[in-house]
Amino acid sequence: MNGEIETARLCPRDAADVAEIVAAARRPLEPVGFGSKRMVGRPVTAELLDLRALAGVVGYEPAELVLTARAATPLATIEQTLAANGQRLAFEPPDFGRLLGAERPQTIGGVIAANLAGSRRVTVGAARDHFIGFRAVSGAGESFKAGGKVVKNVTGYDLPKLLAGSWGTLAVLTEVSVRVVPQPELDRTLVIDAESVHAGTTLLRAALGSAHDVSAAGFDPVRGALLRFEGFAPSVEARVHALCEELGCKPRRVLDGAASHETWSALAGATPLASSHVVWKISVPPADAPDVLARLRPEQYLLDWGGGLIFAAYSRVDAAHVRGALKSGHATLLKAPVTDRAVTPVFHPQPAVVAKAAERLRAAFDPRGILNPGRMS
Amino acid sequence: MICLPTPDQTIIARRASIVRALREFVAANGVIDEDVRLAAYETDALTAYRQRPLVVVLPETTAEVAAILAFANREGVKVVARGAGTSLSGGAIPAADAIVVGMGKFNRILDIDYANRCVVAQSGVTNLAISHAVADRAFYYAPDPSSQIACTIGGNVAENSGGVHCLKYGLTTNNVLGVELVTPEGEVVRLGGKHLDSGHYDLLGVTVGSEGLIGIVTEVTVRILKRPQTARALLIGFDTVETAGACVAAIIGEGIIPAGMEMMDRPAIHAAEAFVNVGYPLDVEALLIVELDGPAVEVDYLIERVRAIAAQNSARGIRVSTSERERLQFWAGRKSAFPAVGRLSPDYYCMDGTIPRRELPRVLAAIVEMQARYGLRVANVFHAGDGNLHPLILYDANVPGETDKAEAFGFEILKLCVDVGGVLTGEHGVGLEKRDLMTYQFDAVDLDVQHRVKHAFDPDVRFNPGKVFPTLRRCAEQGREHVHAGAERFPDLPRF
């Protein structure tokens, strides 16, 4: 039951074992690595398919800007391998471990299956935008591949997009290829006072709409507006200066390097909300944020993606209130007690026509419905 | 020789009643059934193949598209969607038993939303028109396929189009926020919007690049970016393709992602220089154009960094643009490479594989060897930053057998791309052209899964028949017809 109860555990040694286990399975399976995200989604009653043996970087040539790894390779291993070559994952996967009260390692496959994205989502995209190819085992137990190992590829359907964010309900990823980018020379964050959330989000939008290459823009009601600049040192210096001139703003604080990085990993992981029992992750058109917040009336909140991402914290679950506050976009119940998740749609309900297509797709990959059944319902 | 699908004669026999029914759904002039007017829809930019459609219908509203598709669903009639018809892979080539739904009347920009930095456009709006619509506020839409003056945003969504700047700014899929899609069953679906990501499965992500196989896109929401303050370019010559490749790797190794990085080989350099006279060096084996864009301080700084890297990598001459005019001159040769090569030969066939960049010397050497074997010449232009190759095979279709030879040559190049770890198509799409090569890159299970994804949207398999998925049938009839030099479609479009 999603992290709370230990059930039977199947431990494949490699991708061939995964195919064999899935093909032979007569009962539902829940694919897991270290279990860092088991407490997200509707609770599933299933045997654990422990993928931790499928670890290790399979191919990486920095100049090609592509890394291929087995799906359960710890994210930390990937990040260290990249950093040793002056590179990183552009989408900067957030770590919700502190928020969810389960500080366990993440795997690259888990990050992709959840389509995670950090604060740079607004400029460079999410896991989906950097996930270029995979090998996987379908719910029917077939080993298959899609995409490729080169950054520019339109051969066949873009199935990596479909698998990203499918939470292990379509297929079990066994090997993934991701696009990587160079690390910037300098990482600088401006902390700017804002009188109100309205003033703060207006500033974020002006900054993102400027020519000064702001890489991330967030708002923390305690700290103020946060703007991030990354790149070559002379460029960062010049852009910070030009933006402050253009918008007439005076930063209260300027954070460089590790301090800048920590600011954004805390925001993207919503760690300031860790003491809340119920946290929603809400994606809306960025300009809607102040109005949506006024309707949401959360006990605590954080904004990222220029206002397009709202983390809203409450002491109890009221899905109708939260989803009723949105005119467009979607709300995911990121954190809630298992009893609430059992009776509340964790993922945003879809219009009937879209739900029908989604159901057919699920049947196309997992005709017997054995992979994480119900998790996304 | 690629087969067009064998048409269903029972559908063709019902043509008159289908035409009559379509006239109920759209304005009187919106149904085309006269032979002389249908001729305009026979092919796209893969002009070697052509097929007269059953009928063409030109709807003006989403409701009309939905009514047409619901009718086609009821009657079991196939459907081919068409934007501007600029596909280089035959993605919009009609079928004899299919309704072509032309989206040309979907030509309005519906919403320019600077607060959310996005534009909502009907799917028949051209790629460039979106950038023009937001130019006064110095915004633009980043993906820039070479046909951007003509190609539609709906077509870009279908093909997941790229462009020379996609290493830094991404493909269509990374820049589309939402679509309105009419399904093969005639239902209207909105995927995405002005917000980011999907709250459930990423159906938008699978729609982009689906090559017209899962429905018709009627409306597209794209993100727009502030235009970079400045752009400058370097023109760098090399004695060997290997040193040029090493220079590209070194630039990326230093953490620099240029806005564009293009390579040309000797035949392409010579053809381009003869065509536009912009001062390309003629004594080098490879020429690299590196463009940097962004804030002026950054661009000036990086220009010097790249200049130094090039000098350390045996560059044979480095020119740096000092004016916008000079920058455009550097590009002029590259952007006219296709017509320039077209002057060397009555016909050329453009390929589109992607390879890991490290394999470039090996692949180019193999292409040289193949030239001797096929007795045909090749000029190579190359998106060096992302490994997307565009070999241009020169041939003369008036010489019996030469077209088949060019096609066989091209397919051998694409198979080599797969052999070295690459893919069949980087940006032009599989379409009709590369359909039968899919089994080379994907095994039967891979393709079966893709088939099932199509079935999830299009259970009766009626959308864009004969495209993307390989067929094992032998050719029933000749679909190919030759259009000779000068008569190609869109002769005035730049191609790069």
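Going by the structure above, here's the rest.
Since the model is a prediction, treat every value here as computed from it, not as a measurement.

**Student:** Just to check I follow, could you spell out the overall build of chain A for this structure?
**Tutor:** On a plain count of helices and strands, chain A comes out with 14 helices and 18 strands. C-alpha extents for chain A along the principal axes are approximately 65 × 50 × 35 Å. Residues classed as buried in chain A amount to 59% of the 377 residues present. Long-range pairs, those at least 24 residues apart, make up 71% of the contacts in chain A between residues at least 6 apart in sequence.

**Student:** For this particular structure, what's the right way to read the sheet that holds strand β5 (residues 66-70) of chain A?
**Tutor:** Across a sheet, paired strands are connected by hydrogen bonds in the backbone, their directions being either parallel or antiparallel. Residue and element names in this part refer to chain A. Strand order in the open sheet formed by 5 strands is β4-β5-β9-β7-β8, with antiparallel pairing between adjacent strands. Both edges of this open sheet fall to β4 (57-61) and β8 (143-147), since each of them pairs with a single strand only. Pairs of neighbouring strands in the sheet enclose a mean axial angle of 15°, with direction left out of account. Sheet topology note: the β4/β5 ladder contains 4 bridges and is antiparallel. When the sheet's bridge partners are listed, Glu61 is paired in β5 with Val66.

**Student:** I keep staring at the interface of chain B and chain A and nothing clicks. Help me out?
**Tutor:** When the parts of a complex come together, some accessible area is lost, and that lost area is often used as the size of the interface. Contact residues are listed per partner, giving 73 residues for chain B and 72 residues for chain A. Looking at the side of chain B that touches chain A, the elements that each hand over two or more residues are α8 (203-207), α9 (241-253), α11 (296-312), α16 (438-441) and α17 (444-457) of chain B.

**Student:** Just checking my understanding: could you explain the sheet that holds strand β1 (residues 31-32) of chain B for this structure?
**Tutor:** Residues and elements named next belong to chain B. With respect to topology, 4 strands assemble into an open sheet ordered β1-β2-β4-β3, the strand pairing being mixed. Each edge of the open sheet is held by one strand with a lone partner, namely β1 and β3 (78-82). Relative to strand β4 (residues 98-102), β3 runs parallel, the two sharing 5 bridges. Opposite Lys78, over in β4, you have Ala98 as the bridge partner. Sheet strands in contact with helix α2 (residues 15-25) are β1 and β2 (55-57), and its direction is about 10° off that of β2. In the packing of helix α4 (residues 62-75) onto the sheet, contacts are made with β2, β3 and β4, and the angle to β4 comes to roughly 170°.

**Student:** How do you make sense of α4 of chain B when you look at a structure like this?
**Tutor:** Side chains three or four residues apart in an α-helix point the same way, a direct result of the helix having 3.6 residues per turn. All names here are of chain B. The end-to-end C-alpha distance of α4, which contains 14 residues, comes to 20 Å, matching closely the 20 Å that a straight helix rising 1.5 Å per residue would cover. Taken together, the buried positions of α4 are Glu64, Val65, Ala66, Ile68, Leu69 and Ala72. Immediately downstream of α4, the backbone of Gly76 shows phi near 70°, a positive value.

**Student:** I'm lost on helix α12 (residues 324-335) of chain B in this one. Help?
**Tutor:** Here α12 of chain B is 12 residues long and its end C-alpha atoms lie 16 Å apart, about the 16 Å a rise of 1.5 Å per residue gives. On the buried face of α12 of chain B, the contacting elements are β12 (230-238), β13 (260-265), α10 (266-276), β14 (286-294), α13 (337-344) and β17 (378-383) of chain B.

**Student:** I keep staring at unusual backbone geometry and nothing clicks. Help me out?
**Tutor:** Among all residues except glycine, the phi angle is most often negative; among peptide bonds, the trans geometry is most common. Residue and element names in this part refer to chain B. In this model, Asn277 sits at a positive phi of 55°, which is unusual for a non-glycine residue. Tracing the sequence through the fold places Asn277 in the loop between α10 and β14. For Asn277, a count of 11 C-beta atoms within 10 Å corresponds to the exposed category.

**Student:** Hey, could you run me through the nonpolar core in this one?
**Tutor:** Side chains that are nonpolar tend, in soluble globular proteins, to be buried together. Grouped together as the largest cluster of nonpolar side chains are 271 residues, with contacts concentrated most on Ile310 of chain A together with Cys247, Leu288 and Ile393 of chain B. Here the element with the most residues in this core is α9 of chain B; it accounts for 7 residues. Ignoring sequence-local partners within four residues, the contact set of Leu288 of chain B consists of Ile236, Phe238, Ala244, Cys247, Val248, Met261, Met263 and Ala384 of chain B.

Analysis parameters
Residues numbered from 1 in each chain as written. Chains lettered and ligands numbered in written order. Predicted model: local features only at pLDDT ≥ 70, side-chain atom pairs only at ≥ 80, totals over all residues. Helix = DSSP H or I, 4+ residues; strand = E, 2+ residues; numbered from the N terminus. Buried ≥ 20, exposed ≤ 12 C-beta atoms within 10 Å, placed from the backbone. Contact = placed C-beta atoms within 7 Å. Pairing = 2+ DSSP bridges. Axes fitted to C-alpha atoms, helices over the stretch in contact; angles between N-to-C directions. Expected span 1.5 Å × (residues − 1). Core = buried A, V, L, I, M, F, W, Y, C linked by C-beta atoms within 7 Å.

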